[in-house]
Amino acid sequence: MPTLAWAQVSRVNLYVEDLHGNPIPGVSIFSKPGQAEAPTGDDGRTVLLITGELHPGEEVELKVEGDSVWVFLTPHFRINCPNPREKPVTVVLVKKGDRDILASAAAKREIVRNLLTLIGAHFDVTSQVGDAERQRLALASVAENLGLPPEEIDQAIRVWRNQTGDLFDEGLAALYERRFPEAIPPLVQSYNRSKERLKKKEKALEDERETLAERAFFLGQALNGVGKYREALAKYQEAVNLQPHRHTYSNGLGVALVNMGLYKKARALFSKLLDERISTSGDEHPQTLASMNNLAQSLYAQGDWAGARVLHEKVLEISRRTLGDEHPQTLRCMNNLGGTLKAQGDLPGARVLLERVLEISRRTLGDEHPQTLRCMNNLAQSLKAQGDWAGARVLLEKVLEISRRTLGDKHPHTLTSMNNLAQSLYAQGDLSGARVLLEKVLEIRRRTLGDAHPDTLICMNNLAGTLKAQGDLPGARILEEKVLEIRQRTLGERHPDTMISHWSLLLTYRTAGRTDEFMKKIPTLMWLLDAEDKELSADLRTIRNHLKQLLEEIQNEGEREPEEAQ
């Protein structure tokens, strides 16, 4: 007689309340379609039965019945599940479209938490999506859920920033506004206080572990924003250690691993997260698609463009079918796939896709919308790769003109536009024009971000390349040596960016005839010859191939017999 296997069922005790702490009766909450709804009693309490084992810190997606006027505020569609036997989970619901939400300091705090969590849930390297664009997409998602205009939510948060007297809230507000240097001190203090409370066990152990994990996660975001990738990695790792079943923290850790060039570990982590998402939510759930995108981005960063393409194509197909061609998420997927096609060398395919994205963005958002400008830039990069320098220059000049007029010369988007146009001028041989732009970008970035910020170092490196092309080898060497010193100190000796700096400086030494420095630099790069492909980025594999050629040239030069004196 066959044995019946019974699926394990977890009980989650819920307490559902409004913004004022009043219980909400008669609301049906469920986790997955097809599961029994759990209506709340007069005291706002209910028990939710979920198939499978739940762990402390695990995220469980919840929904309110479809025709309800109530929507989730804390958290945004999900709960961070504690031990369900110990205490009920408090869930705050608000009425959709109720502007009183924005008058509540507690509500604004939770909205900012949700926004920062959404911003940290994914990343893009193929289409160069920056913090501002991720913030815009997250704000649109939260606004849609609450039934309020995103502009009103944004303004309410900025007003709240000046009203709160709480250190943690001050840090969150600065982090939301991308004022990363200002966010770090209050976040560090709130993190240290939570860590001290955990040592003294002033609160319930699980509560304080959850609080400390959240503090570490948001501090990691701030450190990442100022380019302190090594410190950010440590904080993300701490958050994961405290709550290993929370995917949001694991995603942050994966991004930090990519930033530190630890591609093999990032790939393993993102693969694990994707498998778990598919198992719990299916192939087409938004969180599953976000996990697919993250894995695709890590593969792209490693140079596995074929693997990235498969995932990007799958995400785009599902997004087109479920959201439509003109949904912002679909356009973002098209941008990502276009970047991957360009990297693979499918330049016509990339151009067609990116031209389609730009056409939709112009028609639906207008020429001056940030997404449209990003699409122009991505198409310009594709045109450059095809050798259409004139077409690329026209687009980049338009992006820069709009950015300067609408954002000002010092805005990060404007500076990125200047840098991109400078690279186009360089490629066309206008070295003087490129140098003027790069010197201006570098001066502003040094003043606003500091010498050690990754964006500043990229600009230094680009300017060094321009000086080298102009024949100013001493000027190029000084900049390259500075970039290398900072990257060694902040990223480590074998980080991909550090190794790129070693290679650039090696070539400068050789061109300048500085033989002693050139020969001393070669051993620093020799480990690349024995490294496995999966541990190297595409740039490092390219450097390895050039290094082999260089070593052969040196050997051939050494084997040549000296000419006899006449």
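In what follows, the accompanying structure is described. (Residues numbered from 1 in each chain as written. Predicted model: local features only at pLDDT ≥ 70, side-chain atom pairs only at ≥ 80, totals over all residues. Heavy atoms only, no water.)

**Re helix 18 (residues 454-469)**
Helical periodicity: at 3.6 residues per turn, an α-helix aligns residues three or four positions apart in one direction. Note the threshold: Every helix listed is a DSSP run of H or I at least four residues long, and every strand listed is a run of E at least two residues long, numbered separately from the N terminus. What a helix should span is 1.5 Å times the count of its residues minus one. For this analysis, residues touch if any pair of their heavy atoms sits within 4.5 Å.
Taking 1.5 Å per residue, 16 residues should reach 22 Å; helix 18 reaches 23 Å between its end C-alpha atoms and fits that length. On its buried face, helix 18 is in contact with helix 7 (229-242), helix 16 (412-427), helix 17 (431-449) and helix 19 (473-491). Looking one or two residues beyond helix 18, the residue adopting positive phi is Gly-471, at roughly 90°.

**Side note on unusual backbone geometry**
Our working rule: Buried residues are those whose accessible area, probed at 1.4 Å on protein chains only, stays under 20% of the maximum for their type, while exposed residues exceed 50% and partly exposed ones sit between those limits.
Positive phi, normally seen in glycine, also occurs at Arg-178, with a value near 65°. Secondary-structure assignment places Arg-178 in the loop between helix 4 (167-176) and helix 5 (180-200). Residue class for Arg-178 comes out partly exposed when judged on its relative accessible area of 29%.

**So, the environment of Arg-332**
Examined against the element boundaries, Arg-332 turns out to sit in helix 12 (residues 328-344). Taking C-alpha positions, Arg-332 is 8.5 Å from Val-357, a pair spaced 25 residues apart along the chain.

**A few points about the nonpolar core**
Stated formally: Only buried residues count toward a nonpolar core, which is a set of Ala, Val, Leu, Ile, Met, Phe, Trp, Tyr and Cys residues joined through side-chain atoms within 4.5 Å.
With 121 residues, the main nonpolar core has Ile-111, Leu-115, Leu-116, Leu-146, Ile-153, Ile-157 and Leu-175 as its most contacted residues. Ranked by residue count, the leading element in this core is helix 6 (residues 205-225), at eight residues. In this structure Ile-153 touches Leu-102, Ile-111, Leu-139, Ala-143, Leu-146 and Leu-148, once residues within four positions along its chain are discounted. Judged by nonpolar contacts, the second largest core, of 17 residues, contains Leu-525, Ala-531, Leu-536 and Leu-540.

**A look at the packing of helix 16 against helix 17**
To be explicit about the condition: The axes used here are C-alpha line fits, helices contributing only the stretch in contact, and every angle between their N-to-C directions lies in the interval 0 to 180 degrees. Roughly parallel means an angle under 35 degrees; roughly antiparallel means over 145; roughly perpendicular covers 65 to 115; every other angle is labelled oblique. Left-handed describes a crossing whose near helix is turned anticlockwise from the far helix through less than a right angle; right-handed describes the clockwise counterpart. For this scheme, ten residues count as nonpolar: Ala, Val, Leu, Ile, Met, Phe, Trp, Tyr, Cys and Pro. Four count as charged, namely Asp, Glu, Lys and Arg, and the remainder, Gly too, count as polar.
Viewed as axis vectors pointing N to C, helix 16 and helix 17 meet at an angle of 155°, and their least axial separation amounts to 8 Å. Taken together, the axes of helix 16 and helix 17 are roughly antiparallel relative to one another. For the pair helix 16 and helix 17, the crossing hand works out as left-handed. Between helix 16, through Pro-412, Leu-415, Thr-416, Met-418, Asn-419, Leu-421, Ala-422, Gln-423, Leu-425 and Tyr-426, and helix 17, the contact on the second element is made entirely by Leu-431, Gly-433, Ala-434, Leu-437, Leu-438, Lys-440, Val-441, Ile-444 and Arg-445. For the contact of helix 16 with helix 17, the residue count by class is 13 nonpolar, four polar and two charged.

**Structural notes on the packing of helix 10 (residues 286-302) against helix 11 (residues 305-323)**
The contact between helix 10 and helix 11 brings their axes to 8 Å, and the two run at 155°. With respect to their mutual orientation, helix 10 and helix 11 come out roughly antiparallel. The handedness of the crossing between helix 10 and helix 11 is left-handed. Within the contact between the two elements, helix 10 uses Leu-289, Met-292, Asn-293, Leu-295, Ala-296, Gln-297, Leu-299 and Tyr-300 and helix 11 uses Trp-305, Gly-307, Ala-308, Leu-311, His-312, Lys-314, Val-315, Ile-318 and Ser-319.

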